[in-house]
Amino acid sequence: MRKLILQLATSLDGLIEGPNGEFDWCFTDQDYGMNEFLQQTDTIFFGRKSYDLFKAHIPSSDAQEESSFWNAFLSMKQYVFSRNPQQEQGVTYISDDIVNKVKQIKAEPGKNIWLYGGASITSLLMKEGLVDELMLAMHPIVLGAGTPLFKDLNGRVKLQLKKSFPYDTGLVSLYYEVLPVS
């Protein structure tokens, strides 16, 4: 079965965006393990707001050709979880029976699945025990207000640290396995 990996940036106080949806605090000055991650991933899950935000930052075709990140990203199978599905080439919208559809996608052959966010779909999939690993880019900043990484969870989720990588910028990549509920 494929792994569903929550991979995203977080502040030291556990926020994934500032109070106005900003993420200008995220470092983009180096790879931070993304190329290796992308080589092991062929599918991405988005909440609708996260998808709209991400889509707004896709560079022009010329810049895409020069970027291994954008080449990898644009070649992935993309799913958007939304109450208001739309028709869009290369994107599958999921609006109902989310848990069963995620289980079906995880059971399909392929590489890992990147859970990019947002907060609602992340919380739902965490509650249902469908997230296998967390790959968090912990940034050296306290935002003080914004959207929390996790909300509305039913209880504790036990994790086991698999590895960590500190960078000279102060960012630390943390890799956790989600342990089964006992």
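Residues numbered from 1 in each chain as written. Predicted model: local features only at pLDDT ≥ 70, side-chain atom pairs only at ≥ 80, totals over all residues. Heavy atoms only, no water.

**Some words on unusual backbone geometry**
Our working definition: Each helix corresponds to a stretch of at least 4 residues labelled H or I by DSSP, and each strand to a stretch of at least 2 residues labelled E; elements are numbered beginning at the N terminus. Here's how the labels work: a residue is buried when its accessible area is under 20% of the maximum for its type, exposed when over 50%, partly exposed in between, all with a 1.4 Å probe on protein chains only.
The amide bond that connects Gly-117 to the next residue, Gly-118, takes the cis arrangement and shows omega of 20°. Phi at Tyr-32 is positive, roughly 50°, even though this residue is not glycine. Within the secondary structure, Tyr-32 sits in the loop between β2 (15-17) and α1 (34-39). Despite not being glycine, Asp-97 has its phi angle at roughly 50°, a positive value. In this structure Asp-97 comes out as partly exposed when scored by relative accessible area, which is 44%.

**A few points about the pattern of salt bridges**
Note the following rule: Just to be clear on terms, a salt bridge is a Lys or Arg side-chain nitrogen sitting within 4 Å of an Asp or Glu carboxyl oxygen.
With the rule as written, the count across this model stands at seven salt bridges. One salt bridge connects Arg-2 with Asp-42, and the closest N-O pair in it is separated by 2.6 Å. On the criterion of sequence distance, the pair formed by Arg-2 in the segment before β1 (4-11) and Asp-42 in strand β3 (residues 41-47) is long-range, its members being 40 residues apart. The class of Arg-2 is buried, set by a relative accessible area of 6%. Between Asp-132 and Lys-106 there is a salt bridge, with its nearest N and O atoms 2.9 Å apart. One end of the pair, Asp-132, is in the loop between α6 (119-127) and β7 (133-139); the other, Lys-106, is in helix α5 (residues 98-107), with 26 residues separating them in the sequence. By relative accessible area, Asp-132 is classed as partly exposed at 24%. Taken together, the shared-partner salt bridges in this structure form one network comprising Arg-2, Asp-42 and Glu-108.

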